[in-house]
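Okay, here's what each chain looks like letter by letter:
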Amino acid sequence: MSERSKLEVRHLTAWFGKTAAIKDVSLSVPAHTVLAIIGPSGCGKSTFIRCLNRMHELTAGTRVEGSVLIEGEDLYARGVDPVFIRRRVGMVFQRPNVFPTMSIRENVLAGLRLNGVRGDHASILEDTLRRTALWDEVKDRLDESAVRLSGGQQQRLCIARAIAVEPEVLLMDEPASALDPIATARIEELIGELKQGYTIVIVTHNMQQAVRISDDTAFFYLGELVEHGPTKQIFTTPRVPRTEDYVTGKFG
Amino acid sequence: MKSQRSRRAVDLFMTALCGTCTALALIPLASILWLVVRNGAGAISLTFLTALPAPVGETGGGVGNAIAGTLFMVGLAALCGVPLGIGAGVFLAERGDGPLGRTVRFCAEVLGGVPSIVVGIVAWGLIVVPMHRFSALAGAAALAILMIPTLARATEEMIRLVPTALREASLALGVPAWRTSLSVVLRTALGGIVTAVLLALARAAGETAPLLFTALNNQYWNLRPDQPTSSLTVQIYNYAISPYDDWHQKAWAAALTLLLMVGLLNLTARWLAGGRMQRGPA
Amino acid sequence: MPRADAGDPAEMALAAPSTLRRAGLRALGDRAFAVALTGLGLWVLVIAGVIVTVCYRLARPAFAKLGVLPFLAGSDWNPVEDSYGALPFLYGTLVTSAVAILVALPVAIGLALFLVEMAPAWVRKLVSFLVELLAAIPSVVYGLWGLFVLVPWLRETVEPALGRWLGFLPLFRGPPIGVGYLAAGLILALMILPTITAVSVEVLRTAPATQREGALALGATRWEAIRMASLPYARRGIVGATILGLGRALGETMAVTMLLGNQPEIHASLFAAGYSLPAVIANEFAEATGDIHIGALAALALVLCGTTFALNAAARLLIRVPAERRTPARASA
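Residues numbered from 1 in each chain as written. Chains lettered and ligands numbered in written order. Predicted model: local features only at pLDDT ≥ 70, side-chain atom pairs only at ≥ 80, totals over all residues. Heavy atoms only, no water.

A. Structural view of the interface of chain C and chain B. Chain C puts 76 residues into the contact, and the matching count from chain B is 75 residues. Both sides together, the interface formed by chain C and chain B hides about 6600 Å², and carbon and sulfur atoms give 82% of it. Residue R7 of chain B is joined to E224 of chain C by a salt bridge in which the shortest nitrogen-to-oxygen separation is 2.8 Å. In this assembly, chain C and chain B are joined by eight residue pairs in polar contact (both at pLDDT 80 or more). Broken down by element, the side of chain C that touches chain B gets its largest block of residues, 20 residues, from helix α2 (residues 23–66) of chain C. (Contact = heavy atoms within 4.5 Å. Buried area = accessible area lost by both parts, 1.4 Å probe. Salt bridge = Lys/Arg side-chain N within 4 Å of Asp/Glu carboxyl O. Polar contact = N/O pair within 3.5 Å; in protein donor to acceptor, adjacent residues only side chain to side chain. Helix = DSSP H or I, 4+ residues; strand = E, 2+ residues; numbered from the N terminus.)

Spelled out as structure tokens, the structure:
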């Protein structure tokens, strides 16, 4: 595919025991774009992105075949350490999962500190919080417990925590599904800005959201990639009838 | 078919019966607490809490050395029992799903029920026999052995309460598994583990049987690990089975002291646990 | 961690040197941590092994000299003549534990039902706290209270009354002396009550709400719903709880030592003084001289140890099953 693709997935199949949750998926994501993954629940969206930073294998009894290339390097090649992958491919989860024992400051810097990365932590802190539009809201209470933030703030803090370690790719698993509409709008706005610096893959069950934030869209059904293309085309002139059924709300 | 009325009567009767059972459990508790306070409060004084016991036949004296001995031995026991117990608990929570983990868990559960007097014999065989001397160390070893299995199970439970989401958040940042375990998971569970430690210390302070022939007793102050040492519980026992009224009075007073110590530890543990509940998980 | 399958060899060759590959060095931390943790876990097994080994080695001279069967079945205990029979202690331990279970079990079930099914939230909280308090009281304090409160009450009120009304049973004959099987059994009942109650509450809570609600919807009274839905479900767990309580009762030392009278004899009457396994160890071990006396006491400890091991193992197996079937709806109640 394109020479500039940041992330390339080739013939990826992911297993839970004997059932394949993802079946032979191939696609690529150009740098500085947002790819939205859509599909009915249980179609393997979450499993798919958990394969992109090797979080899938943390569940007992799982197995992955195929390859995922980041700038041409295979994450699944022998001898590759998943820990290093995860520093280059960050992840934001469905529900905000701030570390409850840590302050706001410690949460943002957690990745750096726990990995023993030195540097100008103070400026990284401010810069990251500014990029996630949290700085003005929290700058006076950086040492308070992160648990005291609102749900939307917590999720933006999780995004800040993920980008503080300077990943190249950011995976988001329905990051706004547990949030209210206003907080969701802020997250969507944020994703548009983060696109400048990162390549983003986002799972969403909300088709409006996919249209608003993504450049490309991939539609998954029962573990298979049904259709993948520019978002506009997927939602206006889908090639596969099943995609059309889904995006027009006939099922799912 | 029984009549509606008799069915309701049975229901009422059984409810009353269950209420009676509750009363049956609580009356002795009230009696114990009330009598320990009533009989003990009169004899407690600064002298009682700080002085050495009076020789047989003389009145007065106190349990200062016994309080110090209990604190000393529980401290020594904690030094070894707390790290090992927590460590075993972390093992069970983090790597306890294999056959080895299941064996260790089963052993910890079963060890939790081994009578403390048996553990006393073990500490005697391990430490008193080779040292040819009863000692605080032997007493502390027995208490540590009793601490480890309960602490291991409690620690495991606390760690398993930490949401997977936190562990995943840390791993997704590229933090190695061991760092994640220590800096995120264990740190989050720490409040609960501290509670479990306090409860284990309270239990250890209340043990008598494993000290009878390990630490034995001592009429004087002792803070040397290789010497026989007095403890509050053994002192209560000796006073209680004596024929002297004066000593009986001392037994009550020492029991009040012990209950206050144990109660304080329990209440602190509860208060810590309660505070955590209110703040709630993330 | 399961190994992820690598892609085909051609692609693996493609994946040139990179920041992704420092696995060898970095994985050292994880491996060291795993080894350290396993080491800590093994301590539990070491302790279990040491307990059994030490008791066995101390007991061996006695078994060698006396023989296992004659020792267990003998009823004469005389350290002066090196004659040791375990029967009076086995008997005393069994009788006091049986009294304890017979008294504690119904009360614990009633109390657990009260807590789970009947009490309003604040009462439940308060009573649960008090029952936990009961569990936190040191055994020697129970002994003290038993000696100065329970024993006089039994001697002056309960035992004469029992003798008058139930004296036709051998169990309730003889002079009311206060200390004895009955006193020790009752104090044990009080001490194991929190254990049995706590586990029973736990299993009753896990009983599926749907069945109980179904019964209530059919017009059953609260008691009928408990009898039809909750109790049958919890039976297995309550049996487990009872065995757990029995294990505690068998090994309980101080309170029994103070209330049982400490006579190595066997009597049918619950009013009589007896002796128990832990009590004789507590009283004689510090002053025991000679391998045979120590050995005989260690042999008693071994019996105690083996019995409680077996009981606890059985109890855990019985209790674990309902815990796995836990339904979220009631578990959070």
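B. Inspection of the packing of aromatic side chains at higher detail. Tallied over the full model, the rule gives 13 aromatic pairs over all chains. Relative to F285 of chain C, the ring of F213 of chain B has its centre 4.6 Å away and its plane inclined at 45°; by these criteria the two rings are tilted. Note that F213 of chain B is positioned in the loop between α8 (177–205) and α9 (232–240) and F285 of chain C in the loop between α11 (277–284) and α12 (291–324), a pairing that runs across two chains. A residue is classified by how much of its surface remains accessible, and F213 of chain B, at 0% relative accessible area, is buried. Look at F285 of chain C and you get buried, because its relative accessible area is 1%. For the ring pair W77 of chain C and Y84 of chain C, a centre distance of 4.9 Å and an interplane angle of 70° mean the geometry is edge-to-face. The exposure class of Y84 of chain C is buried, given its relative accessible area of 5%. What links up through ring pairs into an aromatic cluster is the set W77, Y84, F89 and Y275 of chain C. (Phe/Tyr/Trp six-rings, centres within 6.5 Å; stacked < 30°, edge-to-face > 60°. Buried < 20%, exposed > 50% of the residue type's maximum accessible area, 1.4 Å probe, protein only.)

C. Here's a closer look at unusual backbone geometry. Residue and element names in this part refer to chain A. Even without glycine at this site, E174 takes up a positive phi of about 45°. By the element assignment, E174 lies in the loop between β7 (169–173) and α7 (181–194). For L222, which is not a glycine, the phi torsion comes out positive at approximately 50°. Mapping L222 onto the fold places it in the loop between β9 (216–221) and β10 (224–230).

D. Focus on the pairing of strand β8 (residues 199–203) of chain A. All names here are of chain A. Taking burial as the measure, the five residues of β8 include five buried ones, the bulk of the element. Residue alternation in β8 divides its side chains into two sets, T199, V201 and V203 and I200 and I202, and both sets are buried. Looking at chain direction, strand β3 (residues 34–38) and β8 are connected through four bridges and run parallel. Counted as the bridge partner of A36 is I202 from β8. With α7 bridging β7 and the parallel β8, this β-α-β connection has right-handed handedness. (Pairing = 2+ DSSP bridges. Right-handed = clockwise from strand over helix to strand, strands pointing away.)

E. Just the nonpolar core, in detail. Ranked by size, the top nonpolar core spans 256 residues in total, and within it F48 and L129 of chain A together with F71, I281 and L300 of chain C carry the most contacts. Take this core: its biggest share by element is 16 residues, from helix α7 (residues 181–206) of chain C. The residues that make up this core include at least three from each of domain 1 (4–41) and domain 2 (47–279) of chain B. In this structure I281 of chain C touches I117, I121 and F213 of chain B together with L297, L300 and A301 of chain C, once residues within four positions along its chain are discounted. (Core = buried A, V, L, I, M, F, W, Y, C linked by side-chain atoms within 4.5 Å. Domains from an automatic or database assignment.)

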